[in-house]
Amino acid sequence: MAITGFFYQNVADAIRKEAELQVTLPQTISVLKIIEAAFKSAGEGRKITSNESNW
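Because the structure is a prediction, the values reported are computed rather than measured.

A. Local environment of the side chain of aspartate 13. Among the secondary structure elements, aspartate 13 is positioned in helix H1 (residues 3-15). Other than its neighbours up to four places away in sequence, aspartate 13 contacts Glu18 and Ala19.

Okay, here's the thing in structure tokens:
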């Protein structure tokens, strides 16, 4: 099974209360902040520091 398959299978299992989520909410938030910083960097054409985006 592909890595993404394991992720979605884990989400489905967690919804059914058959497993704990392997990717936690704090981990997800951290990744989203980094993605937002990447979009801001691309849009503004400059580096975004971790202090600016709190990641």
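B. How the structure looks around the packing of aromatic side chains. Counted under the stated rule, the structure contains one aromatic pair. Considering the side-chain rings of phenylalanine 7 and tyrosine 8, the 4.9 Å spacing of their centres and the 80° angle between planes classify their relative orientation as edge-to-face. Judged by relative accessible area, phenylalanine 7 falls into the partly exposed class, the value being 37%. A relative accessible area of 55% places tyrosine 8 in the exposed class.

C. Expanded view of the environment of serine 30. Locating serine 30 in the fold gives a position in helix H2 (residues 25-44). We classify serine 30 as partly exposed; its relative accessible area is 39%. As a C-alpha pair, serine 30 and asparagine 54 span 24 residues in sequence and 8.8 Å in three-dimensional space.

D. Just unusual backbone geometry, in detail. Despite not being glycine, lysine 17 shows a phi value in the positive range, around 60°. Here lysine 17 is to be found in the loop between H1 and H2. A relative accessible area of 75% places lysine 17 in the exposed class.

E. The arrangement of the pattern of salt bridges in detail. According to the stated counting rule, one finds four salt bridges in the structure shown. In this structure, the salt-bridge partner of arginine 46 is glutamate 44, at a minimum N-O distance of 2.7 Å. Residue class for arginine 46 comes out partly exposed when judged on its relative accessible area of 34%. Residue classification places glutamate 44 among the partly exposed residues on the basis of a relative accessible area of 43%. When salt bridges with common partners are traced through the structure, they connect Asp13, Arg16 and Glu18 into a single cluster.

Definitions and limits used
- Residues numbered from 1 in each chain as written.
- Predicted model: local features only at pLDDT ≥ 70, side-chain atom pairs only at ≥ 80, totals over all residues.
- Heavy atoms only, no water.
- Helix = DSSP H or I, 4+ residues; strand = E, 2+ residues; numbered from the N terminus.
- Contact = heavy atoms within 4.5 Å.
- Phe/Tyr/Trp six-rings, centres within 6.5 Å; stacked < 30°, edge-to-face > 60°.
- Buried < 20%, exposed > 50% of the residue type's maximum accessible area, 1.4 Å probe, protein only.
- Salt bridge = Lys/Arg side-chain N within 4 Å of Asp/Glu carboxyl O.

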